[in-house]
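Listed below are the residues making up each chain.
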Amino acid sequence: MPPCLFCKIVNKELSSEIVYESEKSLVFKDIHPKADFHVLIVPKKHIESANRLEFEDKDLIMEMFLTAKEVALQNQLGGYKLIINVGRKAGQLIDHLHLHLLAGKIKEIV
Ligand code: 5GP
Ligand code: ZN
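Residues numbered from 1 in each chain as written. Chains lettered and ligands numbered in written order. Predicted model: local features only at pLDDT ≥ 70, side-chain atom pairs only at ≥ 80, totals over all residues. Heavy atoms only, no water.

Peer 1: Hey, could you run me through the site of ligand 1 in this one?
Peer 2: Around ligand 1, 17 residues are found, and the nearest of them are K29, D30, G91, L93 and H100. For ligand 1, an oxygen atom lies 2.9 Å from a polar atom in the side chain of N85. G91 is positioned with one of its backbone polar atoms (N or O) 2.7 Å from an oxygen atom of ligand 1. Here ligand 1, which alone exposes 520 Å², has 86% of that area covered by the protein. In a pocket analysis with a 2 Å cut-off to the grid points, ligand 1 is assigned to the largest pocket. Where the shell around ligand 1 is concerned, the elements lending two or more residues are α1 (5-10) and β2 (25-29). With three residues, the single largest contributor to the shell around ligand 1 is α1. Across the shell around ligand 1, the residue classes tally to eight nonpolar, six polar and three charged. (Near = heavy atom within 4 Å. Polar contact = N/O pair within 3.5 Å; in protein donor to acceptor, adjacent residues only side chain to side chain. Areas by Shrake-Rupley, 256 points an atom, 1.4 Å probe, with all protein chains shown as cover. 1 Å grid on protein atoms, 1.4 Å probe; cavity = no way out; pocket = protein on both sides within 12 Å on 5 of 7 lines; lining within 4 Å. Sits in = over half its atoms within 2 Å of the grid points. Helix = DSSP H or I, 4+ residues; strand = E, 2+ residues; numbered from the N terminus. Nonpolar A, V, L, I, M, F, W, Y, C, P; charged D, E, K, R; others polar.)

Coordinates in, geometry out; function isn't part of it.
If you want it as structure tokens, here you go:
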């Protein structure tokens, strides 16, 4: 399997602008922001996409949403959008599950 870009970021082999970190997730700024505030909520566990989720991953999904809430609180976001692209046809480019959190003026949809 080729090395996964987001696993490298999670393992700090590649740099990123980290805005939040917990035991199970890393949140960092999107390199090509589509909104005033655009971060990626990434579980540290490698899962290719939402289409590969299993029931045993239910805590991980909960953690992603609670992390979004925490990041929104810390950054005083009045409101925000959460987006997951699933599969190439939906625009998924990185095959490591991630939740886009966008706030402020949105330039384009992810
Ligand atoms: P997707 O299209 O898979 O839903 O979203 C992948 C996102 O990752 C894109 O919005 C893209 O700008 C972002 N991205 C791609 N490569 C990098 C990178 O090396 N660092 C960071 N911080 N973001 C990246
Ligand atoms: Zn990965």
